Amino acid sequence: MRRPGWLLLIAGFVLAALNLRPALAGLSPLLGEIMDDLALGPAAGGAITTVMVVCLGLLGPVAPVLSTRFGLDRALLVGLAVLAAGAVLRSSDGLFGLYGGAVLVGTAIAIMNVVMPGLVKQHFPTKIGLFTGLYVSCLVTGAATASAIAVPLADQYGWRIAAGSTALLAVLAALVWIPQAARPVPVAPTGPRPFRRLLRSRVTWYVTLFMGFQSMSFYIMLAWLPTIFQDAGLPADQAGYLLSLTNLMQIAATLSVPILAGRVRSQAPHVTAAAVLTVAGYLGVLLAPATLPWLWMSILGVGQGASIALALLIITLRAPDPASVTALSAIAQSCGYLLAALGPFVIGLLNQLTGGWTWPLVAGLGVCVIQLVFGLIAGRPVETARAEATIR
């Protein structure tokens, strides 16, 4: 590929990655205002995020179907278009628009989540660690930016405009990606066989459970951190900035961990360090949420950034070609996000039942421990896992 085409490919890849989380992360700082405006309780408020994460799980298998028929590049373009439409609908009037738009947003992100590891394998096969780190760092940058600007935008223009503004970034990414999607790229047939072989592999389920529990830990905090801080006495804008801080702190981990972990036989030490940091962040929020909250958010951000980067890196390392990576990505992310979707709803329900955040955060700590167990197994030496999981 000539240099201008190469630069356009990377620009489109980066812009697409920046769209993977703003429509999710930009909503949680607005949750209190949305709940007040639409008279929703904590469980119904948490269900907005749950609906989106359920779609990440249920509709992930759509991505391999699209990529088999149209190619990975065009599947990504479809995801960006659906994301823009969902962000607009979610900001329209009434509960139908709110939850219907959430379904479209979740569908779009499900497609994009699944195809991104395949795109790394397809376009950057000799630089998997580098480009995995790049796109995951863009993912958390998008989340951090959306968290930081959500409340100021809502103060100025209302929560509907703030929540719907993410459509603009999706449209921009789609426009830049159109030339790549228009290229006549041969589509490798996948068929059902990769799924059958992967479903019989124990490694597939270790990877899936690691993906699911680290995602559950992330979405619990994504959905409820601003509310936890506000209940601890911090103002709404500061709570939003703290959520943004934890996302920003993920960037250093997502840029460095995939490169380092991709060079060694076992990712287990990196998985352990990531889980320990995540647990420390949870403990800080549990024991002293209004004391040094920036420290707890920094620790939590590094731990969660390393965790998601490791989960996506392991998916890419455990399959030999783009079609197989897409199949493994669909299984791990679909089942994993269905599991993760329980988190925000259950935590909101526990808060509603107990009237506080102690037991919900203790439950979150339990999720972190389970994440560590399955991460250690999924992160064992690459040769061992490949012998069991490789698709022939």
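Residues numbered from 1 in each chain as written. Predicted model: local features only at pLDDT ≥ 70, side-chain atom pairs only at ≥ 80, totals over all residues. Heavy atoms only, no water.

Chemist: Help me understand the overall build of the protein in this model?
Modeler: Scanning the protein from terminus to terminus reveals 19 helices and zero strands. The C-alpha radius of gyration computed for the protein amounts to 19 Å, which stays within 12% of the reference 21 Å derived for 392 residues, consistent with globular compactness. Projected onto its principal axes, the C-alpha positions of the protein cover 55 × 40 × 35 Å. For the protein, with 392 residues in total, the buried portion stands at 58%. For the protein, contacts bridging at least 24 residues in sequence account for 85% of all contacts bridging at least 6. For the protein, the distance from the average site of its 21 positive side-chain charges to the average site of its 11 negative ones is 24 Å. (Helix = DSSP H or I, 4+ residues; strand = E, 2+ residues; numbered from the N terminus. Rg over C-alpha atoms; globule rule 2.2 N^0.38 Å. Buried < 20%, exposed > 50% of the residue type's maximum accessible area, 1.4 Å probe, protein only. Contact = heavy atoms within 4.5 Å. Lys, Arg positive; Asp, Glu negative; His and termini not counted. Charge placed at Lys NZ, Arg CZ, Asp CG, Glu CD.)

Chemist: Quick question: what am I supposed to make of the packing of aromatic side chains here?
Modeler: The geometry of two aromatic rings is summed up by the distance between their centres and the angle between their planes. Under the criterion given, the structure shown has nine aromatic pairs. An angle of 5° between the planes, with centres 3.7 Å apart, marks the rings of Phe124 and Phe131 as stacked. Here a set of aromatic residues connected by ring pairs shows up, and it is made of Trp6, Phe13, Phe124, Phe131 and Tyr135. (Phe/Tyr/Trp six-rings, centres within 6.5 Å; stacked < 30°, edge-to-face > 60°.)

Chemist: What is the right way to look at a nonpolar patch on the surface in this model?
Modeler: Together, Leu342, Phe345, Val346, Leu349 and Leu353 make up a nonpolar patch on the protein surface, roughly 440 Å² of accessible area in all. Position of Leu349 relative to the elements: it lies in helix H17 (residues 342-354). (Patch = residues over 30% accessible without salt bridge, like charges linked within 9 Å, V, L, I, M, F, W, Y side chains within 5 Å. Areas by Shrake-Rupley, 256 points an atom, 1.4 Å probe, with all protein chains shown as cover. Salt bridge = Lys/Arg side-chain N within 4 Å of Asp/Glu carboxyl O.)

Chemist: Whenever I open this one, the packing of helix H12 (residues 202-231) against helix H13 (residues 236-261) confuses me. Can you help?
Modeler: The description of two helices packed together rests on the angle between their axes and the distance between the axes. Their axes nearest at 7 Å, the elements H12 and H13 cross at an angle of 150°. For the element pair H12 / H13, the angle class is roughly antiparallel. The element H12 and its partner H13 pack so that their crossing is right-handed. Contact residues: H12 offers Phe218, Met221, Leu222, Leu225, Pro226, Phe229 and Gln230, while H13 offers Ala236, Ala239, Leu242, Leu243, Thr246, Asn247 and Gln250. A class-by-class count of the residues in the contact of H12 with H13 yields 10 nonpolar, four polar and no charged. (Axes fitted to C-alpha atoms, helices over the stretch in contact; angles between N-to-C directions. Parallel < 35°, antiparallel > 145°, perpendicular 65-115°, else oblique. Left-handed = near helix turned anticlockwise from the far one by under 90°. Nonpolar A, V, L, I, M, F, W, Y, C, P; charged D, E, K, R; others polar.)

Chemist: Even after reading the chapter, I still don't get empty space enclosed by the protein, so can you show me in this structure?
Modeler: Summed over all chains, the structure comprises three cavities of 30 Å³ or more. Volume-wise, the largest cavity comes out at about 70 Å³. As for the largest cavity, its lining consists of Arg21, Leu139, Val140, Gln214, Ser215, Phe218, Tyr219, Gln250, Ile308 and Tyr337. Of all the elements in the fold, those that place two or more residues in the lining of the largest cavity are helix H8 (128-157) and H12. A per-class count over the lining of the largest cavity returns six nonpolar, three polar and one charged. (1 Å grid on protein atoms, 1.4 Å probe; cavity = no way out; pocket = protein on both sides within 12 Å on 5 of 7 lines; lining within 4 Å. Points joined across faces, edges and corners; volume = space filled by probe spheres on them.)

Chemist: What am I meant to see in the pattern of salt bridges here?
Modeler: Pairing of side chains with opposite charge becomes possible as their charged atoms draw close. This structure, assessed with the given rule, holds one salt bridge. The closest approach of N and O atoms between Arg160 and Asp37, which form a salt bridge, is 3.3 Å. Taken together, the residues span a long stretch of sequence, with Arg160 in helix H9 (residues 159-164) and Asp37 in helix H3 (residues 31-38) at a distance of 123 residues.

Chemist: When you look at helix H16 (residues 322-340) in this model, what are you seeing that I'm missing?
Modeler: An α-helical turn contains 3.6 residues, so a residue and the one three or four places further along point in the same direction. For H16, which comprises 19 residues, the first-to-last C-alpha distance of 25 Å matches the rise-based estimate of 27 Å (1.5 Å per residue) to within 8%. A large share of H16 lies buried, amounting to 15 of its 19 residues. (Expected span 1.5 Å × (residues − 1).)

Chemist: Could you clarify how one ought to interpret the packing of helix H5 (residues 62-70) against helix H6 (residues 72-90) in this entry?
Modeler: With their axes 7 Å apart at the nearest point, H5 and H6 run at an angle of 130° to one another. Relative to H6, the element H5 is oriented oblique. The two elements H5 and H6 meet at a crossing, and its hand is right-handed. In this structure, H5 contributes Leu66, Ser67 and Phe70 to the contact, and H6 contributes Leu72, Arg74, Ala75 and Val78.

Chemist: It is not clear to me how the side chain of Gln333 should be interpreted in this structure. Could you clarify?
Modeler: Tracing the backbone shows Gln333 in helix H16. The exposure class assigned to Gln333 is buried, which follows from its relative accessible area of 1%. Among the polar contacts made by the side chain of Gln333, one reaches the main-chain carbonyl oxygen of Asn113 at a distance of 2.8 Å. Side-chain polar atoms of Gln333 contact the side chain of Ser329, separated by 2.8 Å. (Polar contact = N/O pair within 3.5 Å; in protein donor to acceptor, adjacent residues only side chain to side chain.)

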